[in-house]
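# Structure at a glance
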Amino acid sequence: NRLGVAQARTEFDAFQHLLSGSPAPVGQIVDRLIDGPGGRMRARVYRPTDTVARLLPVILYFHGGGWNKGTAEQSLGFLKRFRDAGFVCASVDYRCRDTHGGTTPMDATRDARSALRAFVARARELGFDSNKLVVAGGSAGGHLACMTALGDGLGEPAEEKSPAPRVRATTSPS
């Protein structure tokens with residue numbers, strides 16, 4: 001039985017709600033478009049309440065979905081715990097096979113590495129301290145976090161090498 005993309009997202013979001021409960025209010029939600037190797041990607045940034053005037057640590061999070069599906073919103077229940085602890089949380093809509101057709105895990109890895117470079121370059125604008133950066137993810141996103149955190153080694157041109165974050169983490173919903 002194969003679900004369509006919209007139905008699979010609806011069912012996954014319902015599953016995430018069961019795991020995490022209802023999202024708490026967020027101080028600020030900002031959608032940004034960042035350039036990636038396959039075109040523009042949407043990044044959703046969540047800031048804690050009452051923290052506008054200071055630079056905060058940040059978690060750049062990549063959603064799971066088996067390289068096929070998933071969205072930046074699906075992990076809010078997980079990210080709200082970090083947001084409530086004082087982190088800026090950012091989740092990126094990288095290319096997935098069901099929504100972008102014919103993409104590969106390597107395409108998604110290039111997207112993730114581009115997102116890291118963009119977030120480091122725009123740290124002050126987005127209100128976080130690029131020296132306090134965590135790259136994390138769940139499932140396929142955990143793989144992206146690992147590949148992104150390597151810094152270099154993918155045969156990329158020098159100008160496309162990613163800065164290595166100080167902390168690396170992967171998660172799985174199980």
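Since the model is a prediction, treat every value here as computed from it, not as a measurement.

### Topic: the confidence of the model for the protein chain
Per-residue pLDDT for the protein chain has a mean of 78; in total, 73% of the residues score no lower than 70. When mean pLDDT is compared element by element in the protein chain, strand S4 (residues 88-92) scores highest at 92, while strand S6 (residues 167-168) scores lowest at 56.

### Considerations on the packing of aromatic side chains
In total, this model carries 5 aromatic pairs according to the counting rule given. With 5.3 Å between their ring centres and 40 degrees between their planes, tyrosine 61 and phenylalanine 78 make a pair best called tilted. With tyrosine 61 in strand S3 (residues 56-62) and phenylalanine 78 in helix H2 (residues 76-84), this residue pair connects regions lying 17 residues apart in the sequence. Between the aromatic rings of phenylalanine 78 and phenylalanine 82, the centroid separation amounts to 5.5 Å while the plane-to-plane angle is 65 degrees, which identifies the pairing as edge-to-face.

### Looking at the pairing of strand S5 (residues 128-137)
Taking burial as the measure, the 10 residues of S5 include 7 buried ones, the bulk of the element. Alignment of S3 against S5, held across 6 bridges, turns out to be parallel. When the sheet's bridge partners are listed, leucine 56 is paired in S5 with phenylalanine 128.

### A few points about the side chain of glutamine 74
Secondary-structure assignment places glutamine 74 in the loop between S3 and H2. Taking relative accessible area as the criterion, glutamine 74 reaches 8% and is therefore assigned buried. Among the polar contacts listed, one links the side chain of glutamine 74 to the backbone oxygen of glycine 64, at a separation of 3.1 Å. Among the polar contacts made by the side chain of glutamine 74, one reaches the main-chain amide nitrogen of threonine 71 at a distance of 3.1 Å.

### Description of unusual backbone geometry
You will see that tryptophan 67, though not glycine, has its phi angle at about 70 degrees, which is positive. With respect to the element layout, tryptophan 67 can be found in the loop between S3 and H2. In this structure, serine 139 is a non-glycine residue whose phi angle is positive, near 60 degrees. Here serine 139 is to be found in the loop between S5 and helix H6 (140-149). For serine 139, a relative accessible area of 47% gives the class partly exposed.

Analysis parameters
- Residues numbered from 1 in each chain as written.
- Predicted model: local features only at pLDDT ≥ 70, side-chain atom pairs only at ≥ 80, totals over all residues.
- Heavy atoms only, no water.
- pLDDT = per-residue confidence, 0-100.
- Helix = DSSP H or I, 4+ residues; strand = E, 2+ residues; numbered from the N terminus.
- Phe/Tyr/Trp six-rings, centres within 6.5 Å; stacked < 30°, edge-to-face > 60°.
- Buried < 20%, exposed > 50% of the residue type's maximum accessible area, 1.4 Å probe, protein only.
- Pairing = 2+ DSSP bridges.
- Polar contact = N/O pair within 3.5 Å; in protein donor to acceptor, adjacent residues only side chain to side chain.

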